[in-house]
Amino acid sequence: MRVVKYEDIVKSIRDTIIYSTTHLAPDMLEALKKAYEEEKSEVSRAVLAQILENAEIAKNETKPLCQDTGLAIYFVKVGEDVKVDGGTLREAIYEGTKKGYEEGYLRASTCDCFTRANLKDTVGYNLPPIIYLDIVPGDKIDIEFAAKGGGSENVSRATVLAPAAGKEGIKEFVKKVVSDAGPNPCPPLVVGVGIGGSFDMSAVMSKHALFRNIGTPNPDPELDQLEKELKVELNKLGIGAMGMGGTETVLAVHIETYENRMCHIASLPVAVNIQCHSSRHAHIII
Amino acid sequence: MAEYKLTTPLTDEDVSKLKSGDLVYLSGTMYTARDAAHKRIVDLILNGEEPPFDLKGAVIYYVGPTPPKPGEPIGSAGPTTSYRMDPYAPTLIEHGLKGMIGKGKRNKDVIDACKKYKAVYFGATGGAAALIAKAIKKAEIIAYPELGPEAVRRIEVEDFPVVVINDIYGNDLYEEGRKLWEQK
């Protein structure tokens, strides 16, 4: 049994949060540079130039890339042969989140659903985080983190199609979600699509699909093909950077399916989770 | 895509020359306000009381910044999605507001009020929060400090970069820009 210190997990999470909210991930930076080169609309190019300059300023001055430093989202895989010493893993994630948001001068964006009161003031805790836990073989703790903003989350959608809708029905649904979203989610976008499992599982997978680095092909050749086709079709919508009209609306489409593409014989669940151009994500293995 | 430099407060003459798609650099005094602050300001106006700042020629920036680091006037400060302010914006425009800065679509009431009372909706680049913060030289909370990031601030800006989305002539860049590049 490998023993990991509680404080080490807290520190890793704190540092990861501060770094990833101020340094745009290399895959995103590269995708945005490519979009800038390929964009044909003058006004969208001006917006993309601002986005790239913003990443440079944020990095040089350790300032948040976006003022919406999001909900803290974690996908955690815990090895069966690892033990946390000094507290529970959940407590460590909570404390790391609190420290990261407080000490990084990040905005706390959690509030009461009904009163809308901030759960902590402007210099905040941003608790609770959203945590998906899985237990796997091995002695490592694998943590994926994202700071997910509200603007892009608000236009995300889930549905259950009739099985007869098939691949074409899935495409139509994804196109409708991106088209309806228009300028609001801060394009250019990464589009996460979850297919299969159950209603709720498709939504979780659509969120997890956002963590895959841009440029990494889908291991399933048929899904890889579908991702590429969808990207081309979505870019034909003409939405452009910040919705001002242009050719580069979508940086990537990432699809995840449940184990062996499984779903119920009567159902075809599909979810679309939209990610803005400020995709702040990180992966740590402890 | 024309480029303009304008100083607040904005006049009818200023906004008359702006067309959707123009790039504008704003300087001068602006105010920040989001959902809860808008509701309070509109309630004051409807009760016949004075709003916390002079609306004549004013520009409101929809933002909920990150906390400032010590010694800085403001934290990262990109625009928030504007539709949440749609129920309140027409009343403010009627009472003199000349400019709104945010991101995302506005409803018909706001667009109609822009035409009728000569006001403009500007889009700022969402997520470009570190870049925009550089244009904000001073910030001071002038109302509703208890709202935290949603408090009303008076900000002094220099060359704050925005794009005209809705002008006073009924043009909408989100509609027209998209039509121009859509491939059927």
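A few points on the structure. (Residues numbered from 1 in each chain as written. Chains lettered and ligands numbered in written order. Predicted model: local features only at pLDDT ≥ 70, side-chain atom pairs only at ≥ 80, totals over all residues. Heavy atoms only, no water.)

**Section: the overall build of chain B**
And step 1. Per the secondary structure count, chain B includes six helices and seven strands.
And step 2. The C-alpha atoms of chain B give a radius of gyration of 16 Å, which matches the 16 Å a tight globule of 184 residues would have.
And step 3. In terms of its C-alpha atoms, chain B occupies a principal-axis envelope of roughly 50 × 40 × 30 Å.
And step 4. Considering only intrachain contacts with a sequence separation of at least 6, the fraction spanning at least 24 residues in chain B is 62%. (Helix = DSSP H or I, 4+ residues; strand = E, 2+ residues; numbered from the N terminus. Rg over C-alpha atoms; globule rule 2.2 N^0.38 Å. Contact = heavy atoms within 4.5 Å.)

**So, helix 3 (residues 42–61) of chain A**
Residue and element names in this part refer to chain A.
And step 1. The end-to-end C-alpha separation of helix 3 is 29 Å, in line with the 28 Å expected for 20 residues at 1.5 Å each.
And step 2. Among all positions of helix 3, only Val43, Ser44, Val47, Leu48, Gln50, Ile51, Leu52, Asn54, Ala55, Ile57 and Ala58 are buried.
And step 3. Immediately beyond the C-terminal end of helix 3, within one or two residues, lies threonine 62, with a positive phi of roughly 45 degrees. (Expected span 1.5 Å × (residues − 1). Buried < 20%, exposed > 50% of the residue type's maximum accessible area, 1.4 Å probe, protein only.)

**Digging into the packing of aromatic side chains**
And step 1. One pass over the structure, following the stated rule, counts five aromatic pairs over all chains.
And step 2. Put simply, the rings of Phe75, Tyr132 and Phe211 of chain A pair up and form one aromatic cluster.
And step 3. In this structure, lysine 98 of chain A packs its charged tip against the face of tyrosine 125 of chain A, placed 4.4 Å from the ring centre.
And step 4. Sitting above the plane of the tyrosine 144 of chain B ring, arginine 40 of chain B keeps its charged end 4.9 Å from the centroid. (Phe/Tyr/Trp six-rings, centres within 6.5 Å; stacked < 30°, edge-to-face > 60°. Lys NZ or Arg CZ within 6 Å of the ring centre and 35° of its normal.)

**Quick word on the layout of surface pockets**
Taking a probe equal in size to a water molecule and rolling it over the atoms shows the remaining empty space.
Residue and element names in this part refer to chain A.
And step 1. The calculated volume of the second largest pocket comes to roughly 610 Å³.
And step 2. In terms of lining residues, the second largest pocket is bounded by 27 residues, among which Lys34, Ile214, Lys231, Leu251 and Ala252 are the most central.
And step 3. Mapped by element, the contributors of at least two residues to the lining of the second largest pocket are helix 2 (26–38), helix 8 (221–235) and strand 8 (250–257).
And step 4. Here the residues of the lining of the second largest pocket are counted per class, giving nine nonpolar, six polar and twelve charged. (1 Å grid on protein atoms, 1.4 Å probe; cavity = no way out; pocket = protein on both sides within 12 Å on 5 of 7 lines; lining within 4 Å. Points joined across faces, edges and corners; volume = space filled by probe spheres on them. Nonpolar A, V, L, I, M, F, W, Y, C, P; charged D, E, K, R; others polar.)

**What to know about the sheet that holds strand 9 (residues 268–275) of chain A**
All names here are of chain A.
And step 1. Read from one edge to the other, the open sheet built from four strands follows the order 6-9-7-8, with strand pairing classed as mixed. Edge positions in the sheet fall to strand 6 (157–161) and strand 8, since each of these pairs with one other strand and no more. Direction aside, neighbouring strands of the sheet carry axes that sit 15 degrees apart on average.
And step 2. Inspection of the sheet shows strand 6 paired to strand 9 by five bridges, in the antiparallel sense. Across the sheet, the residue bridging to valine 160 is proline 269, located in strand 9.
And step 3. Each of strand 6, strand 7 (189–195) and strand 9 touches helix 6 (residues 166–181); the most contacted strand, strand 9, lies at about 30 degrees to it.
And step 4. Seen against the sheet, helix 7 (residues 199–208) touches strand 6, strand 7, strand 8 and strand 9 and runs at an angle of roughly 30 degrees to strand 9. (Pairing = 2+ DSSP bridges. Axes fitted to C-alpha atoms, helices over the stretch in contact; angles between N-to-C directions.)

Worth remembering: the numbers are spatial, not functional.
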